[in-house]
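# A closer look at the structure
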Amino acid sequence: MSNSILHLNDLLAFGDLSNIKIKFNQYNGENDPMEVYKKNPDIVNNRWLFWRTERRYFDVNQIVICLLKINYDVWLLTTIKRVTKEFDVKNDVNYEGEELEKYKPFFGRVLIKFHKDFQTQVRYVEDIFDQLEVLQILPTVFDGDDFPGYEKVRLSFEQLETIISRNKKDWIAALENQKAVYLIRDTHTGKLYVGSATGENGMLLQRWKSYVSNGHGGNKELLDIVNTQGFDYIKKYFQYSILENYNSRVDKQIVLSRETWWKETLGTRVPFGYNCN
């Protein structure tokens, strides 16, 4: 094995591994813990970490390492806690724990490579410690993916809401002064909506903030969805991307003409899509 590989315990330097477990948190079919973490890390570091169904995961005084899946074989270290209480409940948070202060500088900053090929969420560290490879120590706490460029933006409602609620600076700077033609896709029905940010109705950031606020942004067909199926439908199924972007000096008529072109090209007018005009 190459000496250049840094394993997780090389970094943490636990002496005795026999009382240390790792909890692997990943998409459960309903919620992506990474999106939850980006909004509120405490929910993952408490609720996701200490939730129990039928199986007991921990004992009092055990040390628990919380990992969160970022993508294929890459995990983020979010907290390390010592279990202080057990409540003996099922389908709820079953434990309490206290963070180990000495490791706090690593929380949210250490990326780990590990290939998880087992079903259980929890394993003893000593069983897999030589497989937990430190990929990177981030300069700051992880707060989501960086702005990828206008042509690569494709966000779920939850992702867009997180960017705005946490005021993610690179995204905010990229969107706040841009005029644009944008696309909203209903991933459940496949229907599309083409909209524009012309400056008169707000720049792109302001337009997208209105969707996060109420789900419809003042658009009639989208308002009908909110009224008939609820805001939760929007949150579950809507996706946002950018078709074209322009700097703030571009005349709004150019933006509007391109919006019309995209509506006709993609066939987004009622009844095939959500555009009324």
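Residues numbered from 1 in each chain as written. Predicted model: local features only at pLDDT ≥ 70, side-chain atom pairs only at ≥ 80, totals over all residues. Heavy atoms only, no water.

Right, let's talk about the packing of aromatic side chains for a bit. Taken as a whole, this structure holds 21 aromatic pairs when the rule is applied. The interplanar angle of 45° and the centroid separation of 5.0 Å between the aromatic rings of F14 and Y103 together place this pair among those described as tilted. Of this pair, F14 sits in the loop between α1 (8–12) and β1 (20–25) while Y103 sits in the loop between β6 (95–99) and β7 (110–113), and the two are 89 residues apart along the sequence. Both residues of the pair, F14 and Y103, belong to the buried class. A centroid spacing of 5.0 Å and a plane angle of 90° characterise the contact between F147 and W171, whose relative ring orientation is edge-to-face. One end of the pair, F147, is in the loop between β9 (133–137) and β10 (154–156); the other, W171, is in helix α6 (residues 169–175), and 24 residues separate them in sequence. Sitting over the ring of F231, K235 keeps its end group 4.6 Å from the ring centre. (Phe/Tyr/Trp six-rings, centres within 6.5 Å; stacked < 30°, edge-to-face > 60°. Helix = DSSP H or I, 4+ residues; strand = E, 2+ residues; numbered from the N terminus. Buried < 20%, exposed > 50% of the residue type's maximum accessible area, 1.4 Å probe, protein only. Lys NZ or Arg CZ within 6 Å of the ring centre and 35° of its normal.)

What follows deals with the pattern of salt bridges. Scanning the entire structure with this criterion turns up 16 salt bridges. A salt bridge links E54 to K90; the shortest N-O distance between them is 3.3 Å. On the criterion of sequence distance, the pair formed by E54 in the loop between β2 (51–52) and β3 (63–71) and K90 in the loop between β4 (74–86) and β5 (92–93) is long-range, its members being 36 residues apart. Residue classification places E54 among the exposed positions, given a relative accessible area of 54%. What makes K90 partly exposed here is its relative accessible area of 46%. Of the charged contacts in the structure, one is a salt bridge between D146 and K168, with a shortest N-O distance of 3.5 Å. With a gap of 22 residues between them, D146 in the loop between β9 and β10 and K168 in the loop between α5 (157–165) and α6 connect regions that are remote in the sequence. (Salt bridge = Lys/Arg side-chain N within 4 Å of Asp/Glu carboxyl O.)

What follows is about the sheet that holds strand β13 (residues 238–247). Across the sheet, which stays open at both edges, the four strands sit in the order β10-β13-β11-β12 with antiparallel pairing between neighbours. Strands with a single pairing partner mark the edges of an open sheet, and in this sheet they are β10 and β12 (192–197). The average undirected angle you get between the axes of adjacent strands in this sheet is 25°. In terms of strand pairing, strand β11 (residues 178–186) meets β13 through nine bridges, oriented antiparallel. Along β13, the bridge assignment pairs A180 with N245. (Pairing = 2+ DSSP bridges. Axes fitted to C-alpha atoms, helices over the stretch in contact; angles between N-to-C directions.)

Turning our eyes to something else, we now look at the packing of α5 against helix α7 (residues 204–214). In contact at an axis separation of 10 Å, α5 and α7 are set at 115° when each is read in the N-to-C sense. For α5 against α7, the interelement crossing comes out left-handed. Seen from α5, the contacting residues are F157, L160, E161 and I164; seen from α7, they are L205, W208, K209, Y211 and V212. A per-class count over the contact of α5 with α7 returns seven nonpolar, no polar and two charged. (Left-handed = near helix turned anticlockwise from the far one by under 90°. Contact = heavy atoms within 4.5 Å. Nonpolar A, V, L, I, M, F, W, Y, C, P; charged D, E, K, R; others polar.)

A few words now on helix α10 (residues 252–266). Given a rise of 1.5 Å per residue, 15 residues ought to cover 21 Å, and the 21 Å separating the end C-alpha atoms of α10 matches this to within 8%. Regarding α10, the residues found buried are V255, E259, W262 and K263. Buried residues of α10, viewed axially, fall in a sector of 100°; they line one side. At its buried positions, α10 is contacted by β11, β12 and β13. Positive backbone phi, at 65°, marks G267, one or two positions downstream of α10. (Expected span 1.5 Å × (residues − 1). Arc of directions from axis to C-beta.)

Turning to the nonpolar core, a few remarks are in order. W208, F238 and Y240 are the most contacted members of the largest nonpolar core, which totals 31 residues. With five residues, α7 is the largest single contributor of residues to this core. Contact partners of Y240, with chain neighbours within four places excluded, come to V153, R154, L155, S156, F157, L160, L183, I184, W208, Y211 and I234. Listed in part, the 26 residues of the second largest apolar core include L17, L67, L100 and F106. (Core = buried A, V, L, I, M, F, W, Y, C linked by side-chain atoms within 4.5 Å.)

Structurally, the position occupied by L183 is in strand β11. Considering only alpha carbons, one finds L183 and R55, 128 residues apart in sequence, at a separation of 44 Å. Discounting residues that sit within four places of it in the chain, L183 has contacts with L192, Y193, V194, Q239, Y240, S241, L243 and L266.

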